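For reference, the chains in residue letters:
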Amino acid sequence: MKRRNSIVSRVFTALVFLFLYAPIFLLIVFSFNSGNSNVVWSGFSLDWYRELFHNRLIMRSVYTTLLVSLLATAIATVAGTFAAIGFYSLRRRSRNLLNTVNNIPMMNADIVTGVAMCLFFVAFFTFWSDFAVWFNGIQHLLVLPERLTLGFGTLLIAHVTFNIPYVILSVGPKLRQMDKNLVDAAMDLGCTWMQAFWKVILPEIKPGITSGALTAFTMSVDDFIISYFTAGSSSSTLAMTIYGMTKKRVTPEINAISTLLFITVLALLVVVNLREARAERRGEEHRPVSSRFSQFFDTPRGRRLRRGAAGALAACFLAAVVLLTGATNAQPVVNVCSWGEYIDEDLITQFEEETGIIVNYQTAESNETLYSLLKSGAGDYDVIVPSDYMISQLIEEDMLSELDFSQIPNYALISDRFKGLTYDPEERYSVPYAWGTVGIIYNETMVNEPVTSWSVLFDDQYAGNVLMFRNSRDAMATALSYLGYSLNTTDETELREAFQLLKDAKNRGVYQSFVMDEIFQKLEGGNAAIGVYYAGDYLTMRENNEDLCFAVPEEGSNWFMDAMCVLKDAPHYDEAMAWINFIASTEANLANMDYLWYGSPNQEALEQYPAYYQELYDEELDPADYDIIAAPPEVLERCEAYLVLPFETRQLYNELWTELGI
Amino acid sequence: MSKELIRLRDLCMAYDDELVLDHLNLYINDKEFLTLLGPSGCGKTTTLRIIGGFTTPASGDVLFGGVRINDVPPHKRQINTVFQKYALFPHLNVFENIAFGLRMQRLPDASGKRRNRLPEEEIRSRVMEMLEAVSLKGFENRRIDALSGGQQQRVAIARALVNRPKVLLLDEPLGALDLKLRKDMQIELKRIQQQVGITFIYVTHDQEEALTMSDTIVVMDKGSIQQIGTPEDIYNEPKNAFVADFIGESNIIDGLMVRDHLVQMYGRQFPCLDGGFAENEPVDVVIRPEDIDIVPVEQGQLTGTVTNVTFKGMQYDIIVDFRGFKWLIQTTDHSPVGARIGIKIDPDGIHVMKKSPYSGMFGDYSSFSDEYDELDVVEPEEGSGDES
């Protein structure tokens, strides 16, 4: 009986650990995959790590992360230590109260902290700009900046803020363990309070400070949500960059960086735990191994050396910070917000080298996220790349700035087909970036005949093997276009009819699941026969599964255009023009088309791409693939772009979507 | 010997509206061993902390050699302290603990401008000298946590004395030691005080410690001084019921001073040596247990019944009921429980005190056995008020 129990408990323990660590293990394994899939193993390689270190975006965000974490840790450690000492010398009741107040931010949801800080900063900036305008108006000796923005400074303040409680929490107990009379004793023997702090309190609470600092550092490196809301447009931490990269799919490159991040945090934790274990053993043993070393530092010469070293380190650190902030301030910048994996990153480097303008490149998750970022005042970008329907909404709300086309000669290269589209009929606000179609992706080994119609999504032929969009607009669009209605219809009967189609199919079990980027794994791994997604992404999937095919249904489909716009009052207007002109060039369009496999709006690029492909890969581009990347005009003709829907219709969408119950 | 060194004038102190020191006045002579004695919460530690400079009095002055030092921080006072539980620095070894104060010292050089550290050789020789004085030679490289309680105690004393202070404050320094070690250290402390020839101000709640070591004892209760005097004065001539009860064992009986040298208890008159009271003034009469002789009933000035007997080695402690009031008597003769006995008290065994607010609160042994053993129990730490 007892034996059986122990087997059961062992199996249980094993399961717990399996669930805890198997995902991480898998992630680490696939970071060494030579292919770009997370499902199919194609051999060991370090390519993704190599690529990682050549990825400018990642390296810059690693740098930002390290800098903000180190600075925040240093500041929070000093502030937290003194705060803990202050708490300690208070009466018990006020101390307990303050400790509780201190604990709340740690328990508080990060998202609340993040949003609150963002709102606070934005409110403060508004107040500040009023003040600065008034102040600059009444005197001319000191000119205050009138416009403050979210950026490295606010990111740092946020990190310091959420780190301080951790330091207080780990220093507090050490102070309470300390003999209350130690400080009195030191002062009795000739110390001022400050000397007593250095000579007596500090050595006593040092273990608490160290573990507090390590915790704070780990938290800083780890943090995503709070950074996301406070970093603004000019800085991006590693976690934010990774998140941006997962927009499309989890590439092995992300596996590689995640592996490194995991190992870093693991190493920090091991260090913390070893220190604690050693501190516990200290009671039994005598001096630690480093005794002679530390004794040397207690001699006058050692002390002088130590002080010198500490001073030099501090000076280096300060110098680095000053240089860094100076360097970033001196150079012109442009803040760009786009979608994840939506640019050939070499273009950024190329642009920076050519113009000397630093590009702060960030990504948003969707048009809707971008919109709310802009509305909250947190997204302080110059250039954004929204989709067609979002552009018309932004124009309507007067959030965009007219472009100075004299600074964008490359606009002439844009194909006339893509000029003056419904979202910007007067060609005042936008320069097209990339376009694509939505279609059906299917596994030819799993279907009976080539798919040409939306009907496969709604009849029972492939029930249980179909993947549907997990967002209302795209899902409804498939049904609307199957029924032959406009994708932008506001007619309630039409919408309800389309919805009924979807709902019935769902109830009959046609859909395996409703997905967004998970579709990559499912289709590549052969777990589903049919899905709906973007043409460019189909080509990415096909690299890992040769059996996949693509079709734009005969009933028509959605096609989209993403275009570059400049926000009203953009702080770097001229730099933004330079960036847009650069991206509109034929070379940039070729590079992007090859990277994204989305259609280019640049006429020359569209024409030259097959040759460009041949030169680059030394093989001919399959004309069928070209037609998938850039749908021929006759296909495009049966497709329709999204327009902004009126409020009532949007509400109806929400209601219906809720009713569907996903 | 009797040069005044420290004077406390009208000190008042309160924590959380609770009066801890109530208009305290006290002077302390140079080279004196003075003990502040009293129960937990009587204000003795607060008084010591005020002298040390760790606490600022709410009102009143601290004078040192005639100069007001209220605002002088601890590190500028020629006073050092041995703390409760020693407060040694755990991260330093024995040598560095003792050298701590010397390393902090700065001496002006010839020009009087630059302030120099003490030379390392001087520090070394003074620390070694001190280690020898407290019999800890050879321990200089030990870690603090590798020392016994008694050794830590000595390091604490050495660490304070190495600075050659004018005054050494000791805050219940023997509280954490066991009984045997405590007795040894009492003698050791007294020897050290005589050897270095400086003022010791000693705080304790242990009356025996106070009697053994002090030149002067200050008995305190509720923030006020109850009596100041030599150990003999305090023991033989307590000023009120509180002092009589706190120092040693006392039977305290309601009495009436008929006239000088004649006091009335239980309706009987006893000759005594005290005088200076009004005629028929109500008084408290103190009779020490060892001053009572047991005699046959017919020869006794009073007669009572034995209700309890405890064997204490050198003597018996017996409780005798005199008309409902229980006395403690220490005697070498055994009397069984229930026996009726007579007692006789010599005139010099009777001490008459004026009535005080403490009258009637002490001196009855009705709840015997628990009560008077309790006084030896080590009381909890008397902190600065907020921590328990």
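Residues numbered from 1 in each chain as written. Chains lettered and ligands numbered in written order. Predicted model: local features only at pLDDT ≥ 70, side-chain atom pairs only at ≥ 80, totals over all residues. Heavy atoms only, no water.

Engineer: Looking at this structure, I do not really get the overall build of chain A. What am I missing?
Structural biologist: Looking only at helices and strands, chain A has 26 helices and 11 strands in total. Buried positions account for 51% of the 662 residues belonging to chain A. Look at the contacts in chain A between residues 6 or more apart in sequence, and 73% of them connect residues 24 or more apart. When the accessible surface of chain A is split by element, carbon and sulfur atoms take 60% of a total near 31700 Å². (Helix = DSSP H or I, 4+ residues; strand = E, 2+ residues; numbered from the N terminus. Buried < 20%, exposed > 50% of the residue type's maximum accessible area, 1.4 Å probe, protein only. Contact = heavy atoms within 4.5 Å. Areas by Shrake-Rupley, 256 points an atom, 1.4 Å probe, with all protein chains shown as cover.)

Engineer: When you look at the pairing of strand 20 (residues 325-331) of chain B in this model, what are you seeing that I'm missing?
Structural biologist: The side chains of a regular strand alternate, residue by residue, between the two faces of the sheet. Residue and element names in this part refer to chain B. Judged from the seven bridges that link them, strand 19 (residues 316-322) and strand 20 form a sheet pairing that is antiparallel. Pairing of Ile-318 across the sheet is with Ile-329, part of strand 20. What sits between the antiparallel neighbours strand 19 and strand 20 is a turn of two residues, in which Arg-323 has the positive phi angle 50°. (Pairing = 2+ DSSP bridges.)

Engineer: Mind showing me how you'd approach the interface of chain B and chain A here?
Structural biologist: For an interface, size is often stated in terms of accessible area lost upon the parts coming together. Facing the 28 residues of chain B at the interface are 25 residues of chain A. Where chain B abuts chain A, roughly 2700 Å² becomes buried across the two surfaces, and 52% of that area is made up of carbon and sulfur atoms. When the buried surface of chain B facing chain A is broken down by residue, His-75, Met-104 and Arg-143 of chain B rank first, second and third, together holding 22% of it. At the surface where chain B touches chain A, the tally comes to one salt bridge. When the shortest N-O distance is used, the salt bridge between Asp-184 of chain A and Arg-49 of chain B registers 2.9 Å. Where chain B touches chain A, the interface holds seven residue pairs in polar contact (both at pLDDT 80 or more). For the side of chain B that touches chain A, the secondary structure elements donating two or more residues are strand 6 (79-82) and helix 2 (94-104) of chain B. (Buried area = accessible area lost by both parts, 1.4 Å probe. Salt bridge = Lys/Arg side-chain N within 4 Å of Asp/Glu carboxyl O. Polar contact = N/O pair within 3.5 Å; in protein donor to acceptor, adjacent residues only side chain to side chain.)

Engineer: Would you explain unusual backbone geometry in this entry?
Structural biologist: Note on backbone geometry: most residues besides glycine have negative phi, and most peptide bonds are trans. Positive phi, normally seen in glycine, also occurs at His-23 of chain B, with a value near 50°. Within the secondary structure layout, His-23 of chain B lies in strand 2 (residues 18-29).

Engineer: Whenever I open this one, the pattern of salt bridges confuses me. Can you help?
Structural biologist: Side chains bearing opposite charge may pair, as long as their charged atoms lie close to each other. On inspection of all chains with the given rule, the structure shows 31 salt bridges over all chains. Close ionic contact of Lys-568 of chain A with Asp-398 of chain A constitutes a salt bridge, the shortest N to O distance being 2.9 Å. Highlighted residues: Lys-568 of chain A in the loop between strand 10 (557-567) and helix 21 (573-584) and Asp-398 of chain A in the loop between helix 16 (388-396) and strand 4 (400-401), separated in sequence by 170 residues. For Lys-568 of chain A, a relative accessible area of 40% corresponds to the partly exposed category. Between Lys-355 of chain B and Asp-284 of chain B there is a salt bridge, and its shortest N-O distance comes to 2.9 Å. You can see Lys-355 of chain B sitting in the loop between strand 22 (350-354) and helix 9 (370-374) and its partner Asp-284 of chain B sitting in strand 16 (residues 281-287), a full 71 residues away along the chain.

Engineer: Explain the side chain of Ser-61 of chain A here, please?
Structural biologist: All names here are of chain A. As for its position among the elements, Ser-61 is in helix 3 (residues 56-88). Classification of Ser-61 by relative accessible area gives buried; the value is 2%. Of the polar contacts made by the side chain of Ser-61, one reaches the backbone oxygen of Ile-58; its length is 2.9 Å. Leaving out residues up to four positions away in the same chain, Ser-61 has contacts with Ser-236, Thr-237, Leu-238 and Thr-241.

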